[in-house]
Amino acid sequence: MEDRGEDVLGGALGAPSRLYFGVEFCQHLMPTAADVAEARAWAEERGWGFTMLTPYVTDAFLPPVDEQLAALAPGTEVVVEDWGVLRRARAAGHLPVLGRGLHRLTRDPRLPDVGPEHLRGDDPPSSWQQGSLGSRRFRAFLKRSGVGRVHLDVPLQGLSPLPEGVPVAVHLPYGMIASGRICMVSSWGKPASQRFVPPRHCDAPCRRFTVALRAPWSRRDGGAESVPLVSDGSFIPLSHVLNRRRNALPEAEADPAPRFLQKGNTHFYRLEGDALEQAAAWAQESPVVDRVVLEPDLPM
Amino acid sequence: MNILSPVGNPDEVAPLVEAGADELYAGLFPQGWYERWGRGSWPNRRGPGPANVETMDDLGRLADAAHKGKVPLFVAFNQQYYPDDQADFLLDIADQALARGLVDAFIVTDPGMIAALKEAGATVFASTVAVALNADSARFLSELGADRIILSRHLHLAEIKELAEAAPDLDLEVFLMNDNCYFEEGFCSTTHSMPGFGVYCMTPWELQVTEDETGGGITEPEERARWDFLVEEHREFLRHLGSRGHGEGKLKMPLGPCGLCAIPELMDLGIHSGKIVGREANLFRKIRSVQAVRYIRDAYRDSGDMRAAKGQAVEMRGDGPGCSSGYSCYYRSARDRSLIPLPPRPRGPRRPRSR
């Protein structure tokens, strides 16, 4: 993990000192209590801190969450993506940390493609570079709820300076675009009655497969084969207009447009190159960001 | 179970109440919002136009009409978050509306906003965007001040049952008609407020599936066929998330996502309200949706015959292929296959079979 993390950010962030273990976005991928105990021991052997990641869950998955919480040392950081799990983590004597999903933020990967022509001359709203944490009322809510830390992503459009008062951890290089219980990947090989509904049970084909997504709005220079989507500077390929269903985009190998990634039930973007360096620099310069969570691979 | 209908303007109130609406909800896109925050930001989950009224006077007329019809009016302040300047702006409007008795409840996502509105003396419903998937989440939002919890669109009936039984004292609301989200709405960080870009989850993606172990494409022919089939079916599923025209039944019902045949089970669970989505929809769609829900609700209430009520739901919808596929269902497990008149869909490639 350390080696790949250093690859991602050129070693700029120093050696890892904490293990994040668990999953944020799918209840079917939760580790067992035994896995949690083993991971804890692994971290303790190295003198690392330990943070438990937990997903949003239905009632049937609250007991496994309880088992995980019971496998933790008192006062362990528990990242929550579910208000009910927050309630239980607090009751179990742990330190609730607000996950990046519950810290609402505009993470639409199309925002870098939005130009003045789309907004008819209006400035992009300031809310695109702020999230829940930008609200003093939300910060007061966090305090009342015993939340000691907030996790967030750095969106592709960047973030305004964060207010002081709540320590922040930033995930790099992957950011969550959207997540839900309807899971295309889980539907793989299933009969019609079980396709595209939240799975009650899952064989987790996402452990084997990753889906890359390519779309016409992720390009601004389509060349002669393109027609304007909205106005100059934003294009959709003509072939795509004529046939929206398949084989409409340029050859994948020759297409420099960014891909987005689907792992199981969640879409992610990946910060790369300059965007990653800028995000890391922003995090290092921010007085409230005191931790970077390096993701050596898609966090699912 | 109450029928909660969207409403877009005062003229819609009387026909919707006559059709059977027990509660109404609206949006407010206040004057001054555009001037301050431009076209890229909305005060609620719907954009300007027929989904929202714009002035306090319009809101007053809407409230007067609703209250004259003896139904409460709720207003959505349901964005995922509001920076301080936007929250201050909306809370000032909320104070005015409360002082004039215009709004009976606000539908809210942001926990800080829920607390602020409770302090202002408002009744507050936790939006589905707040995400309550289990009884503890619902309890948490209730302790925060929410007087009603609007559940996720994506809960199975069995999951709603578990939740309702674990929190019998909470007022719960569920989705019944017209629009679905692909993602859990509270965990979707994309925005609909980008002119010209459409809706993220409806993007006609080119999908490239790779095996993690090799980093390459799928080489095993049977697995490849399964993925090809799934991607085609997925496109078909996306088509069912929104409006698909009108049904073949007598009502010529608008065909969107639907929970009609689940109404009997939801009534048995003691669900307080069933929501019809679509503030921006035309009045015909709203009225037909209210009528359909009312018909099934009253039929089951009066007869107690669940199977008959489900049969009426299928007949009224007049969408045999849609009911058969289940892709338009909010609560797919509620379907009674013996009541669905058509055989499985004849379209599309066959699902590859295991060897």
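Criteria and cut-off values
Residues numbered from 1 in each chain as written. Chains lettered and ligands numbered in written order. Predicted model: local features only at pLDDT ≥ 70, side-chain atom pairs only at ≥ 80, totals over all residues. Helix = DSSP H or I, 4+ residues; strand = E, 2+ residues; numbered from the N terminus. Buried ≥ 20, exposed ≤ 12 C-beta atoms within 10 Å, placed from the backbone. Contact = placed C-beta atoms within 7 Å. Pairing = 2+ DSSP bridges. Axes fitted to C-alpha atoms, helices over the stretch in contact; angles between N-to-C directions. Expected span 1.5 Å × (residues − 1). pLDDT = per-residue confidence, 0-100. Core = buried A, V, L, I, M, F, W, Y, C linked by C-beta atoms within 7 Å. Nonpolar A, V, L, I, M, F, W, Y, C, P; charged D, E, K, R; others polar. Right-handed = clockwise from strand over helix to strand, strands pointing away. Arc of directions from axis to C-beta.

Asker: Run through the overall build of chain A, naming residues and quoting values.
Answerer: Scanning chain A from terminus to terminus reveals seven helices and 13 strands. Taking all 300 residues of chain A together, 47% fall into the buried category. By sequence separation, contacts in chain A at least 24 residues apart represent 65% of the contacts at least 6 residues apart.

Asker: Report on the sheet that holds strand 11 (residues 260–263) of chain A, specifying residues and quantitative values.
Answerer: Across the sheet, five strands lie side by side as 7(A)-12(A)-11(A)-8(A)-8(B); this open sheet has antiparallel pairing. At either margin of the open sheet sits one strand with a lone partner, and together these are strand 7 (174–179) of chain A together with strand 8 (206–211) of chain B. Across this sheet, the average inter-strand angle for adjacent strands is 30 degrees, counted without regard to direction. Strand direction decides the pairing type here: strand 8 (residues 209–214) of chain A and strand 11 of chain A, joined by three bridges, are antiparallel. What sits directly across from A:V211, in strand 11 of chain A, is A:Q262.

Asker: Before we move on, could you go through helix 10 (residues 283–303) of chain B and cite the residues and values that matter?
Answerer: Residues separated by three or four positions in an α-helix point in the same direction, a consequence of the helix having 3.6 residues per turn. Residues and elements named next belong to chain B. Between its terminal C-alpha atoms helix 10 stretches 30 Å, which fits the 30 Å expected from 21 residues at 1.5 Å a residue. Turning to helix 10, its buried residues are R285, K286, I287, R288, S289, V290, A292, V293, I296, R297, A299 and Y300. Contacts made by the buried residues of helix 10 are with strand 1 (2–6), helix 1 (13–19), strand 7 (172–177), helix 9 (263–268), strand 9 (273–276) and helix 11 (306–317). Among the residues trailing helix 10, G304 stands out with phi positive, at a value near 70 degrees.

Asker: Explain the environment of B:G27 to me, using residue names and the numbers behind them.
Answerer: Mapping B:G27 onto the fold places it in strand 2 (residues 23–27). A C-alpha to C-alpha distance of 9.3 Å links B:G27 and B:P50, two positions 23 residues apart in sequence.

Asker: Describe the confidence of the model for chain A, with residues and values.
Answerer: The predicted model of chain A averages 85 in pLDDT, with 81% of residues at 70 or higher. Confidence drops under pLDDT 50 across residues 219–248 of chain A; counting only partners more than four residues distant or on other chains, this segment forms 48 contacts.

Asker: How would you sum up the nonpolar core? Please name residues and give values.
Answerer: In terms of nonpolar packing, the biggest core is built from 169 residues, with B:L24, B:L62, B:F106, B:A126, B:L141, B:I149 and B:V293 touching the most fellow members. For this core, the element with the highest residue contribution is helix 10 of chain B, accounting for seven residues. Ignoring sequence-local partners within four residues, the contact set of B:L24 consists of B:S5, B:V7, B:V13, B:L16, B:A66, B:V71 and B:L73. One finds A:V114, A:W128, B:M194 and B:F197 within the second-largest nonpolar core, a separate group that totals five residues.

Asker: Requested: an account of the confidence of the model for chain B, with residues and values cited.
Answerer: Looking at chain B, the pLDDT average stands at 92 and 95% of residues meet or exceed 70. Interface scoring of the predicted complex returns ipTM 0.94; its pTM is 0.92.

Asker: Any chance you could break down the sheet that holds strand 6 (residues 148–150) of chain B for me, citing the residues and the numbers?
Answerer: Residue and element names in this part refer to chain B. Read once around its circumference, the closed barrel built from eight strands follows the order 1-2-3-4-5-6-7-9, with strand pairing classed as parallel. Geometrically, the sheet is characterised by an average inter-axis angle of 30 degrees between neighbouring strands, direction not taken into account. Alignment of strand 1 against strand 9, held across three bridges, turns out to be parallel. Residue pairing for strand 9: L4 is matched across the bridge by K275. Here helix 10 sits on the sheet in contact with strand 1, strand 7 and strand 9, set at roughly 170 degrees to strand 1.

Asker: Got a sec to walk through the interface of chain A and chain B? Specific residues and values, please.
Answerer: Listed by partner, the interface residues are 72 residues for chain A and 67 residues for chain B. For the side of chain A that touches chain B, the secondary structure elements donating two or more residues are helix 4 (83–91), helix 5 (136–144), strand 7 and strand 8 of chain A. Sort the elements by how many residues they give to the side of chain A that touches chain B and strand 8 of chain A lands first, with six residues. Looking at the side of chain A that touches chain B residue by residue, the classes come out as 35 nonpolar, 18 polar and 19 charged. Relative to strand 8 of chain B, strand 8 of chain A is paired through six bridges, and the arrangement is antiparallel. Counted as the bridge partner of A:F209 is B:E211 from strand 8 of chain B.

Asker: Kindly report on the pairing of strand 2 of chain B, identifying the contributing residues and their values.
Answerer: Residue and element names in this part refer to chain B. Burial runs high along strand 2: five of the five residues are buried. Residues of strand 2 alternate between two faces, with E23, Y25 and G27 on one and L24 and A26 on the opposite face, all of them buried. Where strand 1 meets strand 2, three bridges bridge the pair, whose relative direction is parallel. Each bridged residue has a counterpart across the sheet, and for S5 the counterpart in strand 2 is L24. In the classification by handedness, the crossover that spans strand 1, the intervening helix 1 and the parallel strand 2 is right-handed. For strand 2 and strand 3 (residues 73–77), the ladder comprises four bridges, and the chain directions are parallel. Its bridge partner being in strand 3, Y25 is matched across the sheet by F74.

Asker: Can you explain the pairing of strand 1 (residues 18–22) of chain A? Please cite residues and give values.
Answerer: On any regular strand, side chains alternate: one points to one face of the sheet, the next to the other face. Relative to strand 2 (residues 49–53) of chain A, strand 1 of chain A runs parallel, the two being bridged by five bridges. Counterpart to A:R18 in the pairing with strand 2 of chain A is A:G49.

Asker: Just give me the short version of unusual backbone geometry, but keep the residues and values in it.
Answerer: The residue after A:L172, namely A:P173, is reached through a cis peptide bond having omega 0 degrees. Here A:P173 is to be found in the loop between strand 6 (168–172) and strand 7. One non-glycine residue, A:F196, lies in the positive phi region at around 60 degrees. Residue A:F196 is classed as buried on the basis of its C-beta count, with 26 C-beta atoms lying within 10 Å. Not every positive phi belongs to a glycine, and B:V131 is a case in point at roughly 65 degrees.

Asker: Provide a residue-level description of helix 3 (residues 62–70) of chain A, including the pertinent values.
Answerer: A:L62, A:V65, A:Q68 and A:L69 are the residues of helix 3 of chain A that are buried. All buried residues of helix 3 of chain A project into a common sector of 110 degrees when viewed along the axis, lining one side. Residues of helix 3 of chain A that are exposed and angled more than 90 degrees away from the buried face: A:P63 and A:A70. On its buried side, helix 3 of chain A packs onto helix 2 (33–45), strand 2, strand 3 (77–80) and helix 4 of chain A together with helix 6 (135–144) of chain B.

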